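Residues per chain are reported as follows:
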Amino acid sequence: MKGDAMTPGERDYLHRGVISFLPKNGRRPGVDRLRDRMGVHPDGFGPVQGISESWSWNTSPTKEGGAVLLSVGARQGGHDLAAGDVLSSMGDPMLAAHCSSPYAAMRPGREGISVVIDSLGFRQMYGLVTSDFSAVSTSALALSLLADDVRMNHEALALQSHLGWQLGHQTLIQDVEVLPSSGLMTETGYVPADRSMSGTPRSKDPVRDAAEMLRTLLSGYLDEHPDAELQLTGGLDSRIILAAIPPSRRPGLRAMTLRAPDSEDASIAAAISGRYGLRHEVKDLIGPGVLDPAEAFRMCCAAAHRIEASADPIARAAVDLAEGALGDAPRIEGLGGEVARGFYYLGSPRWSRISDRRIRRLAQWRLFSNEAVSAEIFAPDFGRWAADSALRQVGSALRSESDSDWLEAVDGLYLHQRMRRWAGSLASATCFERAKFNPMLDRAFLELVGTLTPAEKQNALFLARVLVELDPDLANIPLDGRPTPAVIASRSRSGRIVNTRGKLVKAARKVRARVSGSAPPPVGGELLATLVVGHLRSDRDAIEALAAHDFISAEWLSKFVDGEVAPSVATCSFLVNLLAFGSRVWRTS
């Protein structure tokens, strides 16, 4: 596809971003193309003696000595980044590796565009190399708009239709990739630096060391940000974060909870807040009568742009809607506890060899059970190919983590793939807007967790013990539908019985989802999806755009328009991602 601009409707969804590119052979895509195709007026901040150009739109990132900071609220060594720290990280990628996630910065120079990214690669940065230029950006869409020829990545499409997010470095746009680590973009391509974590020695007392690490991180953050608010749920991870805050600092601490229908999270969080004197604010994720169908569709398309169509835009829109009324205070979150919880082990956590059977079992019963689209929306041949492709890509990702050890492969998949590509995409959406601090994504904490055996992590045993070490009182407050963390930590017979009962209930839900082809929708997603479906059925342009894809079943689309089929929330999210970027990006041939 050559020379197409965004339509006015597509421009409504445009998010903020930064781009830097190196022209080749005297050809300069330049700001004129960016302005004409995106319909915005970028601000230039870095032509380097005619070698490279850099531009931003809808944001004014911090600039320092030719470098530009691409995340607000970045921290390093337990402190906010000070003057000179950005430049220091540009000169030494290992310093950037110790910056809090998400973090990224870039600096155009004579040799190319230097990029530094946190060690987890949590801050999503994108690259594109063509015959006319090489470029780096916070936006995959912006890169596609600079190119003359854009194609859909069908392998990525197949994967996302089953997994709901991406693996490796691919995006839904052919040739636009997520940068793997810090490195240098040159005229010929991206040269990555090593992002591997160091071989951390095994702690003699990992529970105590983890607890002390979290206390230090939280105390340091509150010293610099006394106005920070804690995102508090009824679950284990955010409770650990609260427990790491000294009791003397809890009264008056700001806390917020996003309330979802049919969830006890808000009630448990409110009880905890009252017990320790927190200033607690509850926001409903979404309620009836909030939006009309057209506005709901617009918000979901905008959310798709914010996450570069690489995750669930309806779930993101529900959160955006709730957070719209909140202030911009720094946010403390419990993201990252998932990799220390060991919830994803299937069966007993004993050493076993990686195999096709185990890969298929993990994919079908855990990875694909929540966000797979309805198979009926695809033309039969494409649907069969997509299912095979998605399974093959999961297998390749697992084997890239370990060629023999199954549990090591699964640990690696959840840390380096799910956390990076799913959670990282969601976190990157707000990198220019709000400072967020995730202590359990600290490099040292992740390295400590990496030394644990699967048996130490399974069923949240390690995290429960960390909570007991931090605050036994908080550990004795029950979780929603589960025993208290103190009981989990003790591995008592009664605790194991309750825990097993909870696992059986979850397993039954997985079976029902697998058999019925549907899964519980994301919080707030069901109502938004209903509104989006109502809009799409009356939007002729959207239906024509979907019909233009030969992999979409014409029979299913006709039944959808006539109201004979109601797509699942996951299917609706998939359609929104297809539509949000517009026909300019999603040319298939």
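Preceding block: the structure.
Computed from a predicted model, the values in this text were never measured in an experiment.

Scoring rules and cut-offs
Residues numbered from 1 in each chain as written. Predicted model: local features only at pLDDT ≥ 70, side-chain atom pairs only at ≥ 80, totals over all residues. Heavy atoms only, no water. Helix = DSSP H or I, 4+ residues; strand = E, 2+ residues; numbered from the N terminus. Buried < 20%, exposed > 50% of the residue type's maximum accessible area, 1.4 Å probe, protein only. Core = buried A, V, L, I, M, F, W, Y, C linked by side-chain atoms within 4.5 Å. Contact = heavy atoms within 4.5 Å. Pairing = 2+ DSSP bridges. Polar contact = N/O pair within 3.5 Å; in protein donor to acceptor, adjacent residues only side chain to side chain. Salt bridge = Lys/Arg side-chain N within 4 Å of Asp/Glu carboxyl O. Disulfide = S-S within 2.5 Å. Phe/Tyr/Trp six-rings, centres within 6.5 Å; stacked < 30°, edge-to-face > 60°. Lys NZ or Arg CZ within 6 Å of the ring centre and 35° of its normal.

A. Up close: the overall build of the chain. Per the secondary structure count, the chain includes 26 helices and 19 strands. When the 589 residues of the chain are sorted by exposure, 57% land in the buried category.

B. How the structure looks around the nonpolar core. The biggest cluster of nonpolar side chains holds 64 residues, and the ones touching the most others in it are L157, L528, V532, F551 and L578. The leading source of residues in this core is helix α25 (residues 569–580), at eight residues. Ranked by size, the runner-up nonpolar core spans 48 residues in total, among them L236, I245, L253 and F437.

C. Spatial organisation of the side chain of S273. With respect to the helices, strands and loops of the structure, S273 is situated in helix α9 (residues 265–276). Classification of S273 as buried rests on a relative accessible area of 2%. When near neighbours in sequence (up to four residues on either side) are disregarded, S273 contacts L232, A255, L278 and H280.

D. Quick look at the sheet that holds strand β15 (residues 229–231). Strand order in the open sheet made by the five strands is β17-β16-β15-β18-β19, with parallel pairing throughout. The open sheet terminates on both sides in strands that have one partner only, identified here as β17 (279–284) and β19 (436–437). Pairing of β15 with strand β18 (residues 331–332), which is carried by two bridges, proceeds in the parallel orientation. Each bridged residue has a counterpart across the sheet, and for E229 the counterpart in β18 is R331.

E. Local environment of the environment of P23. Here P23 lies in strand β1 (residues 17–23). A sequence separation of 107 residues divides P23 from T130, and the C-alpha atoms of the two residues are 9.6 Å apart.

F. The environment of S101, seen in detail. You can see S101 is positioned in the loop between α4 (93–97) and β8 (104–108). For the pair S101 and D442, spaced 341 residues apart in sequence, the C-alpha to C-alpha distance is 7.1 Å. Residues in contact with S101, not counting those within four places in the same chain, are D118, L120, F122, N438 and L441. Among the polar contacts made by the side chain of S101, one reaches the side chain of D118 at a distance of 3.1 Å.

G. Seen up close, the pattern of salt bridges. With the rule as written, the count across this model stands at 28 salt bridges. Of the charged contacts in the structure, one is a salt bridge between R208 and D205, with a shortest N-O distance of 3.6 Å. Residue classification places D205 among the partly exposed residues on the basis of a relative accessible area of 30%. Residues K457 and D411 are paired through a salt bridge, measuring 3.0 Å at the closest nitrogen-oxygen approach. With K457 in helix α17 (residues 454–457) and D411 in helix α15 (residues 406–428), the pair connects residues that are 46 residues apart, well separated along the chain. An identical accessibility class is assigned to K457 and D411; each is buried. Salt bridges linked by common partners bring E229, R254, R331, E333, R434 and K436 together as one network.

H. Quick peek at the sheet that holds strand β13 (residues 183–185). The strand order β4-β5-β8-β9-β13-β14 describes an open sheet built from six strands, whose pairing is antiparallel. Taken across any chain shown, the strands that pair with only one partner, and hence form the sheet edges, are β4 (63–64) and β14 (190–192). Pairing of strand β5 (residues 67–69) with β8 involves two bridges; the strand directions are antiparallel. Residue L69 lies in a different strand from β8, and its bridge partner there is A105.

I. Local environment of the state of the cysteines. Applying the stated criterion across every chain yields a total of zero disulfides. The cysteine C572 is free of any disulfide, with C300 supplying the nearest cysteine sulfur at 7.0 Å.

J. Main features of the pairing of β8. Counting buried positions along β8 gives four out of five residues, so the element sits mostly inside the fold. In sequence, β8 turns back onto strand β9 (residues 113–117) through a hairpin of four residues, with G112 there showing a positive phi of about 150°.

K. Inspection of the packing of aromatic side chains at higher detail. For the structure on display, the rule yields seven aromatic pairs. Ring geometry for W556 and F560: centres 5.4 Å apart, planes at 5°, overall stacked. On the criterion of helical spacing, the pair formed by W556 and F560 is a turn pair, its members being four residues apart in helix α24 (residues 554–561). Its guanidinium or amino end placed over the ring of F437, R75 lies 5.4 Å from that ring's centre, counting from NZ or CZ. Taking the ring centre of W422 as reference, the NZ or CZ of R418 above it sits at 4.0 Å.

L. Looking closely at helix α11 (residues 313–323). The element α11 is largely enclosed, with a buried count of eight among its 11 residues. Here α11 has its buried residues at P313, I314, R316, A317, A318, D320, A322 and E323.

M. Structural view of unusual backbone geometry. The linkage connecting S101 with the following residue, P102, adopts the cis geometry, with an omega of 0°. Here E308, not a glycine, exhibits a phi torsion of approximately 55°, which is positive. You can see E308 is positioned in the loop between α10 (293–306) and α11. Accessibility expressed as a relative area gives 11% for E308, which makes it buried. Of note in the backbone geometry, N459 takes a positive phi value of approximately 60° without being a glycine. Tracing the sequence through the fold places N459 in the loop between α17 and α18 (461–470).

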